[in-house]
Amino acid sequence: MKIEFPDNFKFGAATAAYQIEGATREDGRGEIHFDQLFKMPVIKSDPTIACDHYHRYKEDVGLISELGLQTYRFSISWTRIFPEGDGKLNEKGLKFYDDLIKELVSAGIEPLATLYHFDIPLSFYDIGGWRNQRTVSAFSEYAKTCFERFGDRIKYWATFNEPAVDQYSIYYMIEKMKSRKAKEVFPEVLNNLHGLFKAHALAIKSFRDLDIDGKIGIVLNLYPVYPISDSEKDIEAAKRYDDFLNTWHLSLSLKGEYPKEIFNYYSETVNAPKVTDNDLDLLKENKSDFLGVNFYGPSFVRSSIKNFPLKHDIYKEERSREWANNAKVSPEDLYKILMRIDREYDSPIIYITENGCSFGDEQLYDEKDEWRIDYIKRHLREVKHAIADGAKVERYYVWTLMDNLEWAQGFEEKYGLIYVDFAGDLKRTIKKSGCWYSEVIKNRGFDF
Ligand code: IFM
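What counts, and at which threshold
- Residues numbered from 1 in each chain as written.
- Predicted model: local features only at pLDDT ≥ 70, side-chain atom pairs only at ≥ 80, totals over all residues.
- Heavy atoms only, no water.
- Pairing = 2+ DSSP bridges.
- Helix = DSSP H or I, 4+ residues; strand = E, 2+ residues; numbered from the N terminus.
- Axes fitted to C-alpha atoms, helices over the stretch in contact; angles between N-to-C directions.
- Contact = heavy atoms within 4.5 Å.
- Core = buried A, V, L, I, M, F, W, Y, C linked by side-chain atoms within 4.5 Å.
- Buried < 20%, exposed > 50% of the residue type's maximum accessible area, 1.4 Å probe, protein only.
- Expected span 1.5 Å × (residues − 1).
- Patch = residues over 30% accessible without salt bridge, like charges linked within 9 Å, V, L, I, M, F, W, Y side chains within 5 Å.
- Areas by Shrake-Rupley, 256 points an atom, 1.4 Å probe, with all protein chains shown as cover.
- Salt bridge = Lys/Arg side-chain N within 4 Å of Asp/Glu carboxyl O.
- Left-handed = near helix turned anticlockwise from the far one by under 90°.
- Nonpolar A, V, L, I, M, F, W, Y, C, P; charged D, E, K, R; others polar.
- Near = heavy atom within 4 Å.
- Polar contact = N/O pair within 3.5 Å; in protein donor to acceptor, adjacent residues only side chain to side chain.

Caption draft 1: Seen up close, the sheet that holds strand β9 (residues 299–303). Spatially, the three strands line up as an open sheet ordered β7-β9-β10, and their pairing is mixed. Bordering the open sheet on either side are β7 (225–227) and β10 (312–315), each of which pairs with just one other strand. Across the sheet, the mean angle from the axis of one strand to that of its neighbour is 40 degrees, orientation sign disregarded. Together, β7, β9 and β10 form the strand contacts of helix α10 (residues 232–255), whose direction differs from that of β9 by roughly 130 degrees.

Structure below.
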């Protein structure tokens, strides 16, 4: 059977600044919270070089071209533009992105830029991060600067990548490492998320005030959540987690409002977030033009007394062909979440902004790369299935263009279509999966 995609559907791949650029101490870039974390002995990887994309961006755009990608999603590093987060602009940082965009556009590759991919300026992390109005205002100034400088060439923008991971995984993890209690940290997570969504709405407002000819949205990590058993407690825990992970972020992004049930649950358990009527108006008046969906696999939840206040635990299995780095391989669940979004949120335009897999360390010409082909094929089939059933899915970005720094997991996880020789000279080689994807793009589909 031939799986074919409509003419308006675009194929691409995604990356993020911190995971590929390196050059963290060059050309005036300011520090982010991760720079501090990577100095700690528990996390061994070195982000100062990463894939050295900062110096090899021309070669990398050449590879994107060779793959035939129609669009490329990358992120801009806030502290390259404003080293302190606000205040003095860094012309060298702006120039780097100017050069990258020039290279992309002249190769006919459409850029989609993410403004924030887990890289809060250290100076702002230290003053309470997104809970502090100064961070919120500085982000909207940074966003405006990017729109003014690059908006003539970049038509597609995402404000934030995966707010839930930024807060519920990263912020939570960092604060717990300081031996702080969940009862203290969780309300901060919710207030941070509230500040982050205000910053998102302000960025959208300035995008529209500047009358940029393009579309702006947000990128969420979304997936069906299942109880591990049919016990009432597990079912309730799964519902709470689903309400938090999916409903909370979807409702804020697409309806500009908080979902009542889980909002009330949090008000009663943690007395957060603190929200004003003005904030709610801001969110309502500045909804996304499109929704970016990052999909890796479903979550399986059991009830637990350990995790305050959601009282849940996530079930995981050892890695295998059917259980990739962080999730079970389950393409049908991509279909399910796409149809849920379509049904419950008035049929928004959707881009799959990330989908991909790592099965741990991988050599060049490894059978794990064959598994990647199978993974992408099965997920693309479900994307087509959702389109056929009415979901407005218009793009698909493989995570990721090239093997890179997988945050605290370092360089051992390999999600790339391109192999990078981290043990040697960082030489790039297109993997078999990259060649296969390239054919899919050329043929606008594949045989299944
Ligand atoms: O590498 C990350 C990316 O930064 C955000 N989404 C998930 C990817 C794989 O874990």
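Read on, since the account is not over.
Caption draft 2: The arrangement of unusual backbone geometry in detail. Residue P273 is bonded to the preceding A272 through a cis peptide linkage, with omega at 0 degrees. One can find P273 in the loop between α11 (260–269) and α12 (277–285). Although it is not a glycine, W407 adopts a positive phi angle of roughly 45 degrees. Take W407: it is sitting in the loop between β12 (392–399) and β13 (418–420).

Caption draft 3: The nonpolar core, seen in detail. F74, I76, Y97, W130, F139, W157 and Y266 are the most contacted members of the largest nonpolar core, which totals 157 residues. It is helix α9 (residues 182–209) that provides the largest number of residues to this core, a total of 13 residues.

Caption draft 4: Seen up close, α9. Taking 1.5 Å per residue, 28 residues should reach 40 Å; α9 reaches 40 Å between its end C-alpha atoms and fits that length. For α9, the tally of buried residues reaches 22 of 28 residues, placing the bulk of the element in the interior. The first or second residue beyond α9 is D211, which carries a positive phi of 60 degrees.

Caption draft 5: Broad picture of a nonpolar patch on the surface. The grouping of M40, V42, M173 and M177 at the surface amounts to a nonpolar patch, some 340 Å² of accessible area in total. Along the chain, V42 falls in the loop between α2 (33–37) and α3 (53–67).

Caption draft 6: Here's a closer look at the packing of helix α8 (residues 163–177) against α9. Between α8 and α9, whose axes approach to 10 Å, the crossing angle comes to 145 degrees. For the pair α8 and α9, the sense of crossing is right-handed. Only A182, V185, F186, E188, V189, N192, L193, L196 and F197 of α9 make contact with α8, whose side of the interface consists of P163, A164, D166, Q167, Y168, Y171, Y172, E175 and K176. The residue makeup of the contact of α8 with α9, split by class, is 12 nonpolar, two polar and four charged.

Caption draft 7: Representation of the site of the ligand within the structure. Inspection of the region around the ligand gives Q19, H117, F118, N161, E162, Y296, N326, E354, W399, E406, W407 and Y415 as its neighbouring residues. Between W407 and the ligand, the recorded distance is 2.9 Å, taken from a side-chain N or O atom to an oxygen atom. Grouping the constituent residues of the shell around the ligand by class yields five nonpolar, four polar and three charged.

Caption draft 8: Structural context of the pattern of salt bridges. By the definition in use, this model includes 40 salt bridges. Linking D152 and R153 is a salt bridge whose minimum nitrogen-to-oxygen distance equals 3.0 Å. Owing to a relative accessible area of 26%, R153 belongs among the partly exposed residues under this scheme. A salt bridge links R340 to D242, with the shortest nitrogen-to-oxygen separation between them at 3.0 Å.

Caption draft 9: Seen up close, the packing of α8 against α10. Packing of α8 against α10 brings their axes to within 10 Å, and their N-to-C directions diverge by 145 degrees. Here α8 contributes P163, A164 and Y168 to the contact with α10, which in turn contributes Y241, F244, L245 and H249. Residue composition of the contact of α8 with α10, by class: six nonpolar, one polar and no charged.

Caption draft 10: Representation of the pairing of strand β4 (residues 110–116) within the structure. Buried residues dominate β4, accounting for six of its seven residues. Of the strand pairs in this sheet, β4 and strand β5 (residues 156–161) are connected by four bridges, and their pairing is parallel. Paired with A113 across the strands is W157, a residue of β5.

All we've got here are geometric facts, nothing functional implied.
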